[in-house]
There are 2 protein chains.
Amino acid sequence: MIVYAWHIRIEKTFLLVALIAGAASCLLPPSAMAFDYFQSLPDQPLVPANNPISHEKADLGKILFFDTRLSKDGKLACNSCHSLTTAASDGMAVSPGADGKFTRRSSPSLLNIGLQTVYYWDGRSKSLEDLFLDHLAAADIMAVDDFVLLERRIQAIPGYRTAFSKAFNSKDAQISVAHMAQAVATFLRTLLTPGSRYDQFIQGDVNALSALEKTGMELFRTVGCLACHFGVNFAGPAPGPALHLGDGFYELFPNHTGTIYDEPLHLLDDLGIFEVSNNPQDKRLWRVPPLRNIALTAPYFHNGSAADLETAIKVMALTQLRKELHADEIAAIRAFLESLTGTLPEISLPSLPVTPGISIQEYLRW
Amino acid sequence: MIVYAWHIRIEKTFLLVALIAGAASCLLPPSAMAFDYFQSLPDQPLVPANNPISHEKADLGKILFFDTRLSKDGKLACNSCHSLTTAASDGMAVSPGADGKFTRRSSPSLLNIGLQTVYYWDGRSKSLEDLFLDHLAAADIMAVDDFVLLERRIQAIPGYRTAFSKAFNSKDAQISVAHMAQAVATFLRTLLTPGSRYDQFIQGDVNALSALEKTGMELFRTVGCLACHFGVNFAGPAPGPALHLGDGFYELFPNHTGTIYDEPLHLLDDLGIFEVSNNPQDKRLWRVPPLRNIALTAPYFHNGSAADLETAIKVMALTQLRKELHADEIAAIRAFLESLTGTLPEISLPSLPVTPGISIQEYLRW
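Because the structure is predicted, anything quoted here is derived from the model rather than measured. Throughout, a residue's number is its position along its own chain's written sequence, starting from 1. Chains carry letters and ligands carry numbers; both start at the beginning, A for chains and 1 for ligands, and go up in the order they are written. Two thresholds apply to this predicted model, a pLDDT of at least 70 for residue-level local features and 80 or more for giving and counting side-chain atom pairs, whereas whole-chain, interface and lining totals are computed over all residues. Think of the side-chain values as coming from all heavy atoms in the structure, minus any hydrogens and water.

*Asks:* Any details on the overall build of chain A? Residues and values, ideally.
*Replies:* If you tally the helices and strands in chain A, you get 15 helices and 2 strands. By residue count, 57% of the 366 residues in chain A fall in the buried class. Expressed as a percentage of contacts within chain A between residues at least 6 apart in sequence, the contacts between residues at least 24 apart total 70%. In this description, accessible areas are obtained by the Shrake-Rupley approach with a 1.4 Å probe, and a residue is regarded as covered only by the protein chains that are shown. Working note: accessible area of chain A is about 15500 Å², and carbon and sulfur atoms make up 58% of it. Each helix corresponds to a stretch of at least 4 residues labelled H or I by DSSP, and each strand to a stretch of at least 2 residues labelled E; elements are numbered beginning at the N terminus. Think of it in three bands: with a 1.4 Å probe and only protein chains considered, a residue is buried below 20% of the maximum accessible area for its type, exposed above 50%, and partly exposed in between. Should any heavy atoms of two residues lie within 4.5 Å, those residues are considered in contact.

*Asks:* Could you give an account of the side chain of R284 of chain B, with specific residues and numbers?
*Replies:* All names here are of chain B. Tracing the backbone through its elements, the reader meets R284 in the loop between α12 (274-277) and β2 (285-287). Of the side chains with opposite charge, D262 comes closest to the buried, unpaired R284, at an N-O distance of 7.4 Å. In contact with R284, not counting residues within four places along its chain, are E251, L252, F253, P254, N255, T257, L268 and L271. Counting rule for charge: Lys and Arg are taken as positive, Asp and Glu as negative, and neither His nor the chain ends is counted. A pairing counts as a salt bridge when a side-chain nitrogen of Lys or Arg comes within 4 Å of a carboxyl oxygen of Asp or Glu.

*Asks:* So what about the pattern of salt bridges? Which residues, and what values?
*Replies:* All names here are of chain A. Tallied over the full model, the rule gives 32 salt bridges over all chains. A salt bridge links D99 to K72; the shortest N-O distance between them is 3.6 Å. With a gap of 27 residues between them, D99 in the loop between α5 (78-81) and α6 (128-137) and K72 in the loop between α4 (55-66) and α5 connect regions that are remote in the sequence. Take D99: its relative accessible area is 38%, and that puts it in the partly exposed class.

*Asks:* Before we move on, could you go through the packing of aromatic side chains and cite the residues and values that matter?
*Replies:* Residue and element names in this part refer to chain A. A pair of Phe, Tyr and Trp rings is counted when the ring centres sit within 6.5 Å of each other, with Trp represented by its six-membered ring. The angle between the planes then sorts it: under 30 degrees is stacked, over 60 is edge-to-face, the rest tilted. Enumeration according to the criterion identifies 32 aromatic pairs over all chains in this entry. Centroid distance Y160 to F164: 5.9 Å. Interplanar angle 75 degrees. Geometry classified as edge-to-face. Taken together, the residues span about one helical turn, with Y160 and F164 both in helix α8 (residues 158-167) at a distance of 4 residues. A connected cluster of aromatic rings, assembled from ring pairs, spans F38, Y198, F220, F234 and F336. Sitting over the ring of Y120, R124 keeps its end group 3.8 Å from the ring centre. Any Lys NZ or Arg CZ that is within 6 Å of a ring centre and within 35 degrees of that ring's normal is treated as a charge sitting over the ring.

*Asks:* Report on the environment of R105 of chain A, specifying residues and quantitative values.
*Replies:* Residue and element names in this part refer to chain A. Mapped onto the fold, R105 is located in the loop between α5 and α6. In this structure R105 comes out as buried when scored by relative accessible area, which is 14%. Along the primary structure R105 and F301 are separated by 196 residues, whereas in three dimensions their C-alpha atoms are 8.7 Å apart. What qualifies as a polar contact is a pair of N or O atoms within 3.5 Å, subject to a donor-acceptor requirement within protein and to the restriction that residues adjacent in sequence count only when both atoms come from side chains. Among the polar contacts listed, one links the side chain of R105 to the side chain of D122, at a separation of 3.1 Å. A distance of 2.8 Å separates polar atoms of two side chains, one belonging to R105 and the other to D270.

*Asks:* Go over unusual backbone geometry with me, naming the residues and quoting the values.
*Replies:* A298 of chain A connects to P299 of chain A through a cis peptide bond whose omega is -5 degrees. Here the residue pair F253 of chain B and P254 of chain B is connected by a cis peptide bond, since its omega of -10 degrees sits within 30 degrees of zero. Structurally, the position occupied by P254 of chain B is in the loop between β1 (250-252) and α12. Even without being glycine, A143 of chain B reaches a positive phi, approximately 60 degrees. By the element assignment, A143 of chain B lies in the loop between α6 (128-137) and α7 (147-155). The backbone of N293 of chain B sits at a positive phi, close to 60 degrees, despite the residue not being glycine. In this structure, N293 of chain B sits in the loop between β2 and α13 (309-321).

*Asks:* Quick rundown of the interface of chain A and chain B? Include the residues and the values.
*Replies:* Between chain A and chain B, the contact holds 31 residues from the first and 31 residues from the second. At the junction of chain A with chain B, the criterion picks out 4 residue pairs in polar contact (both at pLDDT 80 or more).

*Asks:* So, the confidence of the model for chain A: which residues are in play, and what are the values?
*Replies:* Residue and element names in this part refer to chain A. For every residue, the predictor reports its confidence as pLDDT, a number between 0 and 100. Of all residues in chain A, 88% have pLDDT values of 70 or greater, and the mean over the chain is 89. Confidence drops under pLDDT 50 across residues 1-33; counting only partners more than four residues distant or on other chains, this segment forms 42 contacts. Predicted complex metrics record ipTM = 0.85 and pTM = 0.88.

*Asks:* Explain the relation of the copies chain A and chain B residue by residue, including any values.
*Replies:* A residue counts toward the fit only if its pLDDT is at least 70 in both copies, and the copies are then superposed by least squares on the C-alpha atoms of those residues. Overlaying chain A with chain B gives an RMSD of 0.0 Å, the required rotation being 180 degrees about an axis along which the chain moves by 0.0 Å. Given the turn and translation reported, the copies of this chain are related as if by a two-fold rotation axis. Considering only C-alpha atoms, the residue of chain A closest to the rotation axis is S348 of chain A, which sits at 2.0 Å. A share of 100% of interface residues in chain A that are also interface residues in chain B marks the association as one of identical surfaces.

*Asks:* I'd like a description of helix α9 (residues 177-189) of chain A, backed by residues and values.
*Replies:* Residue and element names in this part refer to chain A. Working rule for helices: expected span equals 1.5 Å times residues minus one. For α9, which comprises 13 residues, the first-to-last C-alpha distance of 18 Å matches the rise-based estimate of 18 Å (1.5 Å per residue) to within 8%. By the criterion of burial, α9 is predominantly enclosed, with 12 of the 13 residues buried. Inspection of α9 places V177, H179, M180, A181, Q182, A183, V184, A185, T186, F187, L188 and R189 among the buried residues, and these make up the whole buried set. Looking at the buried residues of α9, the elements they touch are α4, α6, α7 (147-155) and α8.

*Asks:* Which residues make up the packing of helix α11 (residues 211-224) of chain A against helix α14 (residues 327-338) of chain A, and what values do they have?
*Replies:* Residues and elements named next belong to chain A. Between α11 and α14, the shortest axis-to-axis distance is 7 Å and the interhelical angle comes to 100 degrees. As summarised for this structure, α11 and α14 are arranged roughly perpendicular, according to the angle between their axes. Taken together, the residues of α14 that come into contact with α11 (itself represented by L212, E213, T215, G216, M217, L219 and F220) are E329, A331, A332, I333, A335, F336 and L337. All amino acids are sorted into three groups, where Ala, Val, Leu, Ile, Met, Phe, Trp, Tyr, Cys and Pro are nonpolar, Asp, Glu, Lys and Arg are charged, and the leftover types, Gly among them, are polar. Across the contact of α11 with α14, the residue classes tally to 10 nonpolar, 2 polar and 2 charged. Between N-to-C directions, angles span 0 to 180 degrees; the directions come from axes that are lines fitted to C-alpha atoms, helices contributing only their stretch in contact. Angles are sorted into four bins: roughly parallel if under 35 degrees, roughly antiparallel if over 145, roughly perpendicular if 65 to 115, and oblique for all others.

*Asks:* Describe the state of the cysteines, listing the residues and the values that go with them.
*Replies:* Pairs of cysteine sulfur atoms within 2.5 Å are identified as disulfides in what follows. In the structure shown here, the tally under the stated rule is 0 disulfides over all chains. With no disulfide partner, C81 of chain A has as its closest neighbouring cysteine sulfur the one in C78 of chain A, 9.2 Å distant.

*Asks:* For the side chain of T319 of chain B, give the residues involved together with the corresponding values.
*Replies:* Residues and elements named next belong to chain B. The residue T319 is located in helix α13 in this model. For T319, a relative accessible area of 0% gives the class buried. One polar contact links T319 to Q320, side chain to side chain, over a distance of 3.1 Å. In this view, T319 contacts F253, P254, N255, H256, T259, Y261 and L267; residues no more than four positions away in its chain are not counted.

*Asks:* Give a description of α8 of chain A that names residues and reports values.
*Replies:* Residues and elements named next belong to chain A. Residues of α8 that are buried: Y160, A163, F164, S165 and A167. Buried residues along α8 sit in contact with α4, α7 and α9. With its phi angle positive at about 55 degrees, N169 sits one or two positions after the end of α8.

*Asks:* Outline the environment of K314 of chain A, listing residues and values.
*Replies:* Residue and element names in this part refer to chain A. Within the fold, K314 resides in helix α13 (residues 309-321). Of the residues examined, K314 reaches a relative accessible area of 38% and is grouped as partly exposed. Residues K314 and E213 lie 101 residues apart in sequence; the distance between their C-alpha atoms is 17 Å. Setting aside residues up to four positions removed in sequence, K314 forms contacts with Y261 and I330.

The structure is reproduced here in structure tokens:
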């Protein structure tokens, strides 16, 4: 367990906890330890104390999630790149933003994001609320360069008055970007996907996985994938005592450079956390991405350069673990990863409040 | 009743029926006649004999409706311009298509389209199935220039095999554009919006409309709007004995040219049916558009040039009926039109079948 700790950059107390837990786990038989690393989906997401969950807030958040009027050009919504018809992602390597620019990195799925502790591929955002605000302002995403203007626009839509009042328990509730962030974050926290066959297996139904999937699960552990992709979301330590909101779990990718994949998959073009920190120690350091519902969210990696699961498995084994896998090992691991697909939340489409008496084009001229 | 018949272009037997009905209606008191013109929403849409409705077909149609892989660039779905979050329209004057071109005319709402008999602003499409195929091929809409290629793409998505088999009761059901058309048309026929306060009033609840709305309803009749906007969908004769699928109900717009609106609203730039027929009699002839849920679908007219209901009412009164309305008449008619908003269908988002092992970009290279 201590192996991966070398690559962790933890901002609070995780390293110590990991070392203690690692020492403790030596006392357990390997299978029991492995089982701890394989964890089932919790019933509830992580919720910060300053933004408790409520149905009303989630309902407002859902409406905002689908509303293109939150973007600069009035054509992009959260749901454009994180479409709930395609596992809250978009099947693209990179995505077009509201200002015609393409994002540099791939739009990840938002399913189970309520289990994450930091956000973006490089973990630079420390809360879902901040993530929303950052997406609004990002030039390659929603491209809103004036929050006050955006607030004025949304305030001018009468139907939003009621929804904000309900969500924030006051008829004078501010229609502000801060409240939008709280509502959208709340909606996102509801997007858990329980019931995967993997979870059924972990919860005791030994027949929930096929023989091939069980082989894949065992290979996932023995090959070494599990060293980083463990826990409730296969993205590192379980939040709670070990990891808090705002703490991240990071790894190098590629861990070993110089493989045949560096060039064709452009693995060295983007240096991860280093790109914002300029700290040489952060070169190629990334938040470990979750694997639930991974079969639904091709293409893979921060740049979407791996088109399918086989490629992603093969590349990760070589670049991270210096292992060349056989085709049958890849097939088994793939089968296991496919068993991580849960039940997607049933989402009824919201009806957006009507823009009052003006066309979208005029509305955007304000 | 005969007044409007001068402007009707009916392709089968409607004119005769209208004349007989018009003669018959002279025997009735005016209020009874008016009441016939005001009709409530039927329980069932019109369904052609060769494409009966089934849940399975509607389910498949819903998935296809949301699937961007039906467009040339993989980014446009039916739902892009006819978004079910915004009353199956898009709030735009004109809409961007898959090939970067903008449509020439405004995307109308698809709600209650199962009550229409002809489609497009000029009525040139005679079935919902044809409408779908035409949208696929249209250079300014889905821009699919090769149906065989599209079929190959959709056939390559394993998840569609089951959905097509269920929809067409055969495990070997063809994954063809013809079947796609039948499925999407079936889904669209389910999009009825019952329960408006107008319908409650028509069905006998005299308190369902406010005094202002009742005044508006009476003005709607006496000013003359009802002469064209009558029937179950406020778009002309009720389908059935008078009008069959494929028969249209058309009017001139503007009926009177030379008003102050011709230029600013570009009312003479697009000559309606004439643009395809080149028949001088067809100049400025348009299908009478329905008015249900009209409060949700600004901007108005074939070119989206009227930003709000007040403008639309004012312009129509002058260009069609040579009447200048007072502000309070406009307000009352607007209130009445707002009472036509029904209960929008509850639609749960479908999960689209996954593109097998390739990115959307690669998929589109096939």
